[in-house]
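Chain by chain, the residues run as shown.
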Amino acid sequence: VCHTGLAAYTKFPEGFTFGVATASHQIEGAWNVSGKSENVWDRLTHTRPEMIADGTNGDVACDSYHRYLEDVEELTYLGVDFYRFSLSWSRILPTGFSDHVNPDGIRYYNALLDALAEKNIEPLVTLFHWDLPQSLQDLGGWTNSKMVDYFRDYSDVCYREFGDKIKSWITINEPYEVCEDAYGDIKKAPALDSHGIGNYLCSDNLLKAHAESYHLYNEKYRPTQNGTVMISINSIWYEPSDPENAEQVALAETANQFKFGWFAHPIFTNEGGYPEVMIENVAKQSAAEGFSKPRLEQFDDYWIQRIKGTSDFLGINHYATHLITGPGVDPIAKSPSWLKDTGSITSLEVGGDSASEWLRVVPTGFANLLRWCKSSYNDPPIYITENGFSDRGTLQDYGRIQYYNDYLSAILDVIYDDGVRVLGYTAWTLMDNFEWRAGFTEPFGFYHVDITDPDLPRTPKLSADYYRQLVANRELPQDERFKDPANKYKEE
Ligand code: GBH
């Protein structure tokens with residue numbers, strides 16, 4: 001092992017794969033073209049544009065619906081092994097239900113899949129990345145227990161139509177963000193703000209829906225299609241602000257159970273079900289708040305068993321670490337709420353910054369999260385299904401390169417030093433795109449997209465070349481040209 005003082009390890013193990021990700025609503029545009037119906041993000045951006053930082057929306061976005069061949073060119077330039085993208089539910093099933101399959105939607109994804117196959121780029125496909133058909137939201141969306149059936153029906157259509165071409169599936173992207181940000185808060189569409197209530201109705205239904213989709217694939221499709229199915233869970237990783245403070249250490253563990261464990265514990269542990277500490281805290285808070293029943297209750301035995309073990313890999317999206325500064329009710333917590341239920345106070349005063357307030361750069365936090373996943377979830381095989389960095393859009397994006405280098409180095413550390421089974425890595429994202437409520441103000445892409453030009457030209461940033469070299473050599477690039485001149489000066 002060569003210790004350069006920068007990174008202990010530089011070379012990725014044999015068989016490790018690299019990809020890059022996008023999501024339908026963030027890139028496709030063509031929001032009302034060829035039979036696609038309205039989704040919750042169309043509704044939010046059209047009716048409440050003031051909720052988006054720059055008033056933009058996904059109507060055109062990167063226009064990937066029409067420009068997907070350009071996207072495939074970019075992917076080919078990067079040389080990635082796989083491309084993670086998501087399917088638009090309302091493009092495939094405009095009513096939201098499986099009574100009408102939209103032929104143009106099927107044609108679009110088949111064309112994309114064929115173009116990828118021609119370049120030997122494997123598809124890794126997400127069924128649901130937040131763009132719920134508005135028709136289903138009108139019935140309550142993920143707070144409606146019928147969503148279990150609707151999601152299974154939608155999955156069935158996708159497995160049937162595309163399963164010959166897609167061997168790696170992700171059911172749902174970031175369940176915490178779906179349930180907490182969209183139903184328990186106003187951070188994501190439909191911005192229900194049913195804090196402490198809707199978020200937990202959502203998790204009950206979403207976990208069951210995921211499990212039913214997994215079982216459906218297992219029983220009906222896996223025997224002939226031979227693919228895999230996983231879920232991608234996001235983690236803000238929590239650490240104590242004072243590692244010597246036992247109370248903070250315990251609270252950080254509780255916060256990680258509330259954040260990551262909320263969805264990982266039911267699927268990836270032997271005992272299954274929601275984490276015990278969540279059930280206890282929510283019961284205690286609910287009683288004190290005057291509710292007749294806990295706002296979150298444990299699944300019954302049938303569902304504990306049915307949900308357990310329903311993911312072939314642990315899909316981790318990871319960006320940032322936050323701090324726990326103490327016990328109590330966070331000043332920003334509503335009542336009742338998930339945050340209040342955690343019983344802790346959080347802080348963003350950690351690590352380097354990015355263009356996104358929440359994105360605190362702490363590579364050691366990533367390594368700690370991965371070790372924690374190994375020990376908490378029986379040493380699962382792991383795919384990093386998202387990781388990336390936002391800036392203000394410069395083409396000389398040294399901050400992004402530094403981020404990737406440090407976070408990839410953290411992965412190498414845990415692979416070689418701790419035996420964590422990380423099998424692949426997905427960078428977020430191929431090109432600057434519609435960053436949800438941040439609009440186009442917090443770009444994460446390897447490619448700059450000029451949204452003021454009707455041709456939406458894509459220009460590679462320096463990080464595109466960094467990633468291309470990384471993928472080609474399976475090794476962290478050491479090239480001088482990737483080093484920030486400012487930092488380089490400091491090092492010498
Ligand atoms: C991922 O979410 C998404 O999967 C992807 O679509 C997205 O483009 C990417 O990250 C970059 O953001 O400022 O208080 O409203 C990552 C988890 C959780 C990060 C919600 C942003 C908003 C916090 N996200 N969070 S706030």
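Reading the values: rules and limits
Residues numbered from 1 in each chain as written. Predicted model: local features only at pLDDT ≥ 70, side-chain atom pairs only at ≥ 80, totals over all residues. Heavy atoms only, no water. Core = buried A, V, L, I, M, F, W, Y, C linked by side-chain atoms within 4.5 Å. Buried < 20%, exposed > 50% of the residue type's maximum accessible area, 1.4 Å probe, protein only. Helix = DSSP H or I, 4+ residues; strand = E, 2+ residues; numbered from the N terminus. Contact = heavy atoms within 4.5 Å. Disulfide = S-S within 2.5 Å. Near = heavy atom within 4 Å. Polar contact = N/O pair within 3.5 Å; in protein donor to acceptor, adjacent residues only side chain to side chain. Areas by Shrake-Rupley, 256 points an atom, 1.4 Å probe, with all protein chains shown as cover. Nonpolar A, V, L, I, M, F, W, Y, C, P; charged D, E, K, R; others polar. Salt bridge = Lys/Arg side-chain N within 4 Å of Asp/Glu carboxyl O. UniProt positions renumbered as here; feature names shortened; annotations may be inferred. Pairing = 2+ DSSP bridges.

Structural notes on the nonpolar core
Core analysis: the largest hydrophobic core is formed by 152 residues, its most contacted members being Leu87, Trp142 and Trp169. It is helix H15 (residues 398-418) that contributes the most residues to this core, 11 residues altogether. If sequence neighbours within four positions are ignored, Trp142 has contacts with Phe128, Leu132, Met147, Phe151, Ile172, Val178, Tyr183, Leu201, Cys202, Asn205, Leu206 and Ala209. Formed by 6 residues, the second largest nonpolar core is a distinct cluster that contains Phe82, Ile170, Phe313 and Tyr383.

Re the side chain of Ser232
You can see Ser232 is positioned in strand E5 (residues 228-240). Residue contacts for Ser232: discarding those within four places in its chain leaves Arg84, Ile170, Ile172, Asn173, Glu174, Pro175, Gly315, Asn317 and Thr385.

Here we look at the state of the cysteines
A full pass over the atoms with the stated rule returns 1 disulfide. There is a disulfide in this structure between Cys179 and Cys202, and the S-S distance comes to 2.1 Å. Residues Cys179 and Cys202 are joined through a disulfide that is left-handed, its torsion about the S-S bond being -70°. Here the residue Cys179 occupies a position in helix H8 (residues 175-183), and Cys202 occupies one in helix H9 (residues 198-225), the gap between them amounting to 23 residues. Each member of the pair, Cys179 as well as Cys202, is classed as buried.

What about the site of the ligand?
Taken together, 17 residues are adjacent to the ligand, and Gln26, His129, Glu174, Glu435 and Trp436 come closest. Interatomic distance of 2.8 Å between a side-chain N/O atom of Glu174 and an oxygen atom of the ligand. Here an oxygen atom of the ligand and a side-chain polar atom of Tyr319 are 3.2 Å apart. Alone, the ligand offers 570 Å² of accessible surface; in the complex the protein occludes 83% of this. For the shell around the ligand, the class distribution of residues is 6 nonpolar, 4 polar and 7 charged.

Topic: the pattern of salt bridges
Within the structure shown, the criterion is met by 34 salt bridges. Salt-bridge contacts for Arg67 lead to Glu70; the nearest nitrogen and oxygen are separated by 3.6 Å. One end of the pair is Arg67 and the other is Glu70, both in helix H3 (residues 64-78) and 3 residues apart, which spans about a single turn. A salt bridge links Arg474 to Asp81; the nearest nitrogen and oxygen atoms lie 2.9 Å apart. Of this pair, Arg474 sits in the loop between helix H16 (462-473) and helix H17 (485-491) while Asp81 sits in the loop between H3 and strand E2 (82-86), placing them 393 residues apart in sequence. Members of the salt-bridge network, linked through shared partners, are Asp63, Arg67, Glu70, Asp71, Glu74 and Arg458.

Some thoughts on the UniProt feature "active site" (unreviewed entry) in the protein
Mapped onto the present numbering, the UniProt feature "active site" (unreviewed entry) falls at Glu386. Within the secondary structure layout, Glu386 lies in strand E8 (residues 382-386). Non-local contacts of Glu386, meaning those with residues more than four positions away in its chain, are made with Arg84, His129, Asn173, Glu174, Ile316, Asn317, His318, Tyr319, Thr426 and Trp428.

Concerning the pairing of E2
Across the 5 residues that make up E2, a large majority, 5, are buried. What you see with E2 is no split at all: Phe82, Arg84 and Ser86 on one side and Tyr83 and Phe85 on the other are buried throughout. Relative to E2, strand E1 (residues 17-21) runs parallel, the two being bridged by 3 bridges. In the strand pairing of E2, Gly19 is matched with Phe82. Pairing between E2 and strand E3 (residues 122-128): 5 bridges, direction parallel. Looking at the pairing, Tyr83 lines up with Pro123 of E3.

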